[in-house]
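So the chains spell out like this:
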Amino acid sequence: METKVLSSGVRFSNLPESYVRPESERPRLSEVSACENVPVIDLGSHDRIQIVQQVGEACKSYGFFQVTNHGVSMELVEKMLGVAHEFFSLPLEEKLKLYSDDPSKTMRLSTSFNVKKEKVHNWRDYLRLHCYPLDKYVPEWPSIPSSFKEVVQSYCTEVRELGFRIQELISESLGLEKDYIKSILGEQGQHMAVNYYPQCPEPELTYGLPGHTDPNALTILLQDLQVAGLQVLKDGKWVAVNPQPNAFVINIGDQLQALSNGMYKSVWHRAIVNADMPRLSVASFLCPFDDALISPAKGLTGEDGSGAVYRGYTYAEYYKTFWSRNLDQEHCLELFKNH
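The present account deals with the structure reproduced in this document. As the structure is a prediction and not an experimental result, all values here were calculated from the model.

1. Some words on the pairing of strand S3 (residues 64-68)
In terms of residue burial, S3 counts as a mostly covered element, since five of its five residues are buried. Alternating positions in S3 separate into two faces, Phe64, Gln66 and Thr68 on one and Phe65 and Val67 on the other, with burial throughout. Pairing of strand S2 (residues 40-42) with S3, which is carried by three bridges, proceeds in the parallel orientation. Residue pairing in the sheet places Asp42 in a bridge with Thr68 of S3. The handedness of the S2 to S3 crossover, carried by helix H1 (residues 48-61), is right-handed. Here S3 pairs with strand S11 (residues 248-252) via four bridges, running antiparallel. Counterpart to Val67 in the pairing with S11 is Phe248.

In structure tokens, the structure reads:
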């Protein structure tokens, strides 16, 4: 891969060797069915009690849900997808100016997941941006396409507000004060991954991203409407989550599983690739403040706290552990259990 990124304009007729998964780890796409009853929650409803109940059920049974009437303007969503497509269509030499495989960088274009460490690569390129506080990070964002900074900045602001509303609903669904989660997570960080999965000659042999859970608190995913690719693990089987018009997919991350004392599931999910068309997705992550102390909420661990499934830890400690492993190893949270 002398060009470093897959979105180089080169069309592959075969999958390069370094992307081929061992037989036992392939996606077995023919066995995947559509997830029939993905919870879709209408945030525009006036019945808050019902919304809270729906959120609680979705977090318990699925670990994810879709939201409609979410308050992020559809015009802005279209613009976000537009500048993302424009970015990945830029000439290769323009994109390579932003390339880095150093995960500590706050703005970079890269490929796969952790190129330096992994044995088999993933069929994706991604632009990773830090998004909060905006005045700190926007100056280092790409300046081409020319509307990029303005559009992405507005998008990040609206998505952050949506994330906070959802955290309140999740707090209430656990029987906690609505500000409980927000107050524990502190001044939340926000990152974005603009994922680009080029056409792939042999989608059966590789992944865009293999099965993993998200290390953060909450993920808000904008899916490509034309090309499905998100799959989640439900009752031991991989199922496809087909994109709904005007909806976001909301994923519970590891930190909310810990805060809920394991009642809510950080969902295992993966991205598959497509032989006919490239796919784009925009994942926004809300993360606890580095020093935030994560431990199961008092109300959920029994009178004396003896029912706590996880020990207390800081987010910084968790994140460091997460990045030191392979993406698809055992669930990182297992390492933080009370034994």
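2. Overview of the packing of aromatic side chains
Within this structure, the stated rule accounts for 12 aromatic pairs. Each ring, one from Phe12 and one from Trp123, has its centre 5.4 Å from the other, and the planes form 75°; the classification is edge-to-face. Taken together, the residues Phe12 in the segment before strand S1 (33-34) and Trp123 in the loop between strand S4 (107-111) and strand S5 (125-130) connect sequence positions 111 residues apart. Ring centres of Phe88 and Tyr196 lie 4.9 Å apart, and the angle between their planes is 10°; on these two criteria the pair is classed as stacked. With a gap of 108 residues between them, Phe88 in helix H2 (residues 74-88) and Tyr196 in strand S6 (residues 189-197) connect regions that are remote in the sequence. Joined through ring pairs, the aromatic side chains of Phe87, Phe88, Trp141, Phe148 and Tyr196 make up one cluster. The ring of Tyr126 carries the charged tip of Arg124 above its face, separated from the ring centre by 3.8 Å. Here the basic side chain of Arg160 rests over the ring of Tyr132, its NZ or CZ set 3.4 Å away from the ring centre.

3. Focus on the sheet that holds S3
Taking strand neighbours across the sheet as the criterion, the eight strands line up as S2-S3-S11-S8-S13-S6-S5-S4 in an open arrangement whose pairing is mixed. What marks the edges here is a single partner per strand, and that holds for S2 and S4. Direction aside, neighbouring strands of the sheet carry axes that sit 25° apart on average. Inspection of the sheet shows strand S8 (residues 218-223) paired to strand S13 (residues 279-287) by six bridges, in the antiparallel sense. By the bridge assignment, Leu218 is partnered in S13 with Leu286. Helix H5 (residues 148-173) rests against S3, S5, S6, S8, S11 and S13 of the sheet, and its axis sits at about 130° to S8.

4. Some words on the pattern of salt bridges
Summed over the entire model, instances satisfying the criterion amount to nine salt bridges. For Lys97, the salt bridge goes to Glu94, with nearest N and O atoms at 3.0 Å. Its relative accessible area of 60% is what places Lys97 among the exposed residues. You can call Glu94 partly exposed: its relative accessible area is 24%. Ionic pairing is found between Lys234 and Asp235, a salt bridge with its closest N-O pair at 3.3 Å. The exposed category is assigned to Asp235, whose relative accessible area is 68%.

Cut-offs used in this document
Residues numbered from 1 in each chain as written. Predicted model: local features only at pLDDT ≥ 70, side-chain atom pairs only at ≥ 80, totals over all residues. Heavy atoms only, no water. Buried < 20%, exposed > 50% of the residue type's maximum accessible area, 1.4 Å probe, protein only. Helix = DSSP H or I, 4+ residues; strand = E, 2+ residues; numbered from the N terminus. Pairing = 2+ DSSP bridges. Right-handed = clockwise from strand over helix to strand, strands pointing away. Phe/Tyr/Trp six-rings, centres within 6.5 Å; stacked < 30°, edge-to-face > 60°. Lys NZ or Arg CZ within 6 Å of the ring centre and 35° of its normal. Axes fitted to C-alpha atoms, helices over the stretch in contact; angles between N-to-C directions. Contact = heavy atoms within 4.5 Å. Salt bridge = Lys/Arg side-chain N within 4 Å of Asp/Glu carboxyl O.

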